[in-house]
Amino acid sequence: MIDKIEFLLSEAFIALRRNGLMTFAAISTAAVALFLLGGLGYVYFRVSQYATDVSGKFEMSVFMRMNLPREDSLAMTEKLKTLPGVKSVSLIPREDAWLKQQKDLGLSGEGLDNPLPDQQKIILSDITKADGLADKIQDMPEVYQPNGVEYSTEAQQLISQMLAIVRWLGGALGTLLLVTAGILIYNAIRLTVIARRREIRIMQLVGASYFTIWTPFVIEGIVQGAAGGFLAAWLLFAANAGLQAFVKNVSVSMMFPSYPLWPIALLLGTVGAMYGFLCSSFAVREPLRHGSSIQR
Amino acid sequence: MGHGRGPFFERLLNQGCDSTYIAFDNVEVRYTDLVQGLRGVSLNICAGDFVFFCGKTGSGKSSLLKVLSREVKHTSGRVSWKGRDVGQLRDKDIPAHRREMGIVPQDFALLPRKKVWENVAYAMRAIGATRREARRKVAQILEVVNIGHRADAFPHELSGGEQQRVAIGRALINHPELLIADEPTGNLDPEHSWEIMELLRQLNLRGTTVLVASHDVLVVERMGRRIVTLDLGQVVADTQPVRPEGVFPTQERAREDVQAIVGPPLVVERGA
């Protein structure tokens, strides 16, 4: 068994070494495709992170129905925490709100009834979900009608819309690039297989089984894809560093987050290896199937 | 199954065979509606035979051999080897079928990016031999086919004759009981052609059934073996071998001669 594994691995690595030009072509194609994909992914990740950070700075205030029992307000706090787009919820009891207001306004409050209801203070985790969330909360029977939810400012809405567009574009472009990268890598690996179609026929002629021929080709594909992924991560690192240097020259105030090289290299290497596995599996299937026997 | 003394010795005393080893029964190969490789070929071949298939280019020699190795699937008729219906083999059974035979294709079919010894070793390791076994046997077989001194060369660094010898070495490495050679002397000068034929003759003397497609009439006639002539995909002549009196005057002389060249007869163990 170990001998067989050693044989299949050595077949793959010898072929990678001796088909240098094709190997280089496949790795560089995978690197370019994954650089674009990884670049978009990285930008998307940073935008999402920014959206989360920005969202944390925005609050939503929800006023409960007047005279709602305290237990109901507390239950509402727990209920709100479960909603999507909500980061945290804290209950401001009407007594505390009244005291604060008296203090703020410089009133003594004596002889006055507390006119305020219980209030829930919500910190958003996703600003783009604010509108939907507000509508949902407003429909709840515990909430003051008709305007029990206060949240939006113009700036908040603008940021929310921009982020939604960025996300939509990112998703669409990401899907497109995911498919394009697959096609590019498939074509590159398929070319390496087609160039060695005769080799496959010879291997079949000496009685090599499907598995014995297929495995080294797939190992080659995985190695090419993974190498392309690692290379793409380094290219991204270089591009990020270049951009950072450029921005520093233009504006000293802008802070750039650090580039996590190794996690990205690992991620892109894994994505590349998966592409390589899938593409080479498909690419080698055809010559293997047709080479075994010419059907008449 | 084991092979002791080569069937050739028995055939010297008893021409013909009891059971058919390879049978072609009304075999047709149609490549397209207009191009036909074989047209109703019927033929029996005995174990231990040495048969030449002669004819012009396009006469069907290669098709006949390729049908047997299942490189080509015949359109109609029946091809059997050791009673096995070759046409009924499933795709997944073809590798095992080919492992029982040695194939020397017309174009040598050497793996271009493998050295000579790696080409031969691949045929062993692809069917499960260990590295140690391959290393030992490859060196031996390369000496047998007289190419040991070029073991580290790549195919493109070899002459046609050397490439041919590597292809034969690879075909022999797993001790096949049947050797199929398609135009093994096609690109060689007379001296090298005869060298290759001598090698095939020695193998046949050790019990290997040898089928050779060739249009090298001089070499074929000099070998004095069965000659099946094809034309336009049909068998037009089947000349039985002339008893090789001139080569081996007596059975005893033949045995001595063979043993002097290739050593005692092989005992080859084959898996089921």
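Because the structure is a prediction, the values reported are computed rather than measured. (Residues numbered from 1 in each chain as written. Chains lettered and ligands numbered in written order. Predicted model: local features only at pLDDT ≥ 70, side-chain atom pairs only at ≥ 80, totals over all residues.)

Section: the overall build of chain B
Then comes step 1: A count of helices and strands for chain B gives nine helices and ten strands.
Then comes step 2: Here chain B, with 272 residues, has 45% of them falling under the buried criterion.
Then comes step 3: Considering only residue pairs separated by 6 or more positions, chain B has 70% of its internal contacts joining residues 24 or more positions apart. (Helix = DSSP H or I, 4+ residues; strand = E, 2+ residues; numbered from the N terminus. Buried ≥ 20, exposed ≤ 12 C-beta atoms within 10 Å, placed from the backbone. Contact = placed C-beta atoms within 7 Å.)

Brief notes about the overall build of chain A
Then comes step 1: When its secondary structure is counted, chain A shows nine helices and four strands.
Then comes step 2: Listed N to C, the secondary structure of chain A is α-α-β-α-β-α-β-α-β-α-α-α-α in terms of helices and strands.
Then comes step 3: Since a compact globule built from 296 residues should have a radius of gyration of about 19 Å, the 30 Å found for chain A marks it as more spread out than a globular shape.
Then comes step 4: C-alpha atoms of chain A, sized along the principal axes, occupy 105 × 50 × 35 Å.
Then comes step 5: Going through the 296 residues of chain A one by one, you find that 33% of them count as buried.
Then comes step 6: A fraction of 86% describes how many contacts in chain A between residues 6 or more apart in sequence connect residues 24 or more apart. (Rg over C-alpha atoms; globule rule 2.2 N^0.38 Å.)

Considerations on the pairing of strand β4 (residues 76-81) of chain B
Consecutive residues of a regular strand have side chains that alternate between opposite faces of the sheet.
Residues and elements named next belong to chain B.
Then comes step 1: Here strand β1 (residues 22-30) runs beside β4; their pairing, made up of five bridges, is antiparallel. Across the sheet, the residue bridging to glutamate 28 is serine 76, located in β4.
Then comes step 2: The pairing of β4 with strand β5 (residues 84-85) spans two bridges and is classified as antiparallel. Each bridged residue has a counterpart across the sheet, and for tryptophan 81 the counterpart in β5 is arginine 84. (Pairing = 2+ DSSP bridges.)

Some words on the interface of chain A and chain B
Then comes step 1: If you look at the interface, chain A gives 19 residues, while chain B gives 26 residues.
Then comes step 2: Mapped onto the side of chain A that touches chain B, the elements with two or more residues apiece are α1 (2-18) and α7 (197-205) of chain A.
Then comes step 3: Looking at the side of chain A that touches chain B element by element, the count peaks at five residues for α7(A).
Then comes step 4: Residue composition of the side of chain A that touches chain B, grouped by class: seven nonpolar, eight polar and four charged. (Nonpolar A, V, L, I, M, F, W, Y, C, P; charged D, E, K, R; others polar.)

Section: the domain arrangement of chain A
Residues and elements named next belong to chain A.
Then comes step 1: Domain annotation of chain A identifies domain 1 (2-53 + 160-291) and domain 2 (59-150).
Then comes step 2: With centres defined by C-alpha atoms, the gap from domain 1 to domain 2 works out at 50 Å.
Then comes step 3: On the side of domain 2, five residues touch domain 1, which itself brings five residues to the contact.
Then comes step 4: Of all the secondary-structure elements, those providing two or more residues to the side of domain 1 that touches domain 2 are α2 (20-55) and α6 (154-194). (Domains from an automatic or database assignment.)

Considering the nonpolar core
Then comes step 1: Among the nonpolar cores identified, the biggest contains 114 residues, and A:Ala30, A:Leu34, A:Ile185, B:Phe53, B:Val120 and B:Ile180 are the most heavily contacted of them.
Then comes step 2: The greatest single-element share of this core, amounting to 13 residues, is contributed by helix α8 (residues 210-250) of chain A.
Then comes step 3: Not counting chain neighbours up to four residues away, the residues in contact with B:Ile180 comprise B:Leu65, B:Leu68, B:Ser69, B:Met101, B:Ile103, B:Val104 and B:Leu211.
Then comes step 4: Judged by nonpolar contacts, the second largest core, of 17 residues, contains A:Ala51, A:Met60, A:Leu80 and A:Val149. (Core = buried A, V, L, I, M, F, W, Y, C linked by C-beta atoms within 7 Å.)

Remarks on the environment of B:Leu158
Residues and elements named next belong to chain B.
Then comes step 1: Along the chain, leucine 158 turns up in the loop between α5 (131-144) and α6 (160-172).
Then comes step 2: Linking leucine 158 and isoleucine 147, residues eleven residues apart in sequence, is a C-alpha distance of 10.0 Å.
Then comes step 3: With near-sequence residues (within four places) excluded, leucine 158 lies in contact with Arg150, Ala153, Gln163 and Val166.

Concerning helix α7 (residues 190-205) of chain B
Residue and element names in this part refer to chain B.
Then comes step 1: Here α7 spans 22 Å end to end across 16 residues, near enough to the 22 Å set by a 1.5 Å rise per residue.
Then comes step 2: Burial in α7 covers these residues: Ser193, Ile196, Met197, Leu199, Leu200, Leu203, Asn204 and Leu205.
Then comes step 3: Two residues or fewer past α7, glycine 207 is found with a positive phi of approximately 115°. (Expected span 1.5 Å × (residues − 1).)

A closer look at helix α2 (residues 61-69) of chain B
All names here are of chain B.
Then comes step 1: Among the nine residues of α2, nine are classified as buried, and the element is accordingly described as predominantly covered.
Then comes step 2: Among the residues of α2, Lys61, Ser62, Ser63, Leu64, Leu65, Lys66, Val67, Leu68 and Ser69 are the ones counted as buried.
Then comes step 3: Downstream of α2 by a residue or two, arginine 70 has a phi angle that is positive, lying close to 65°.

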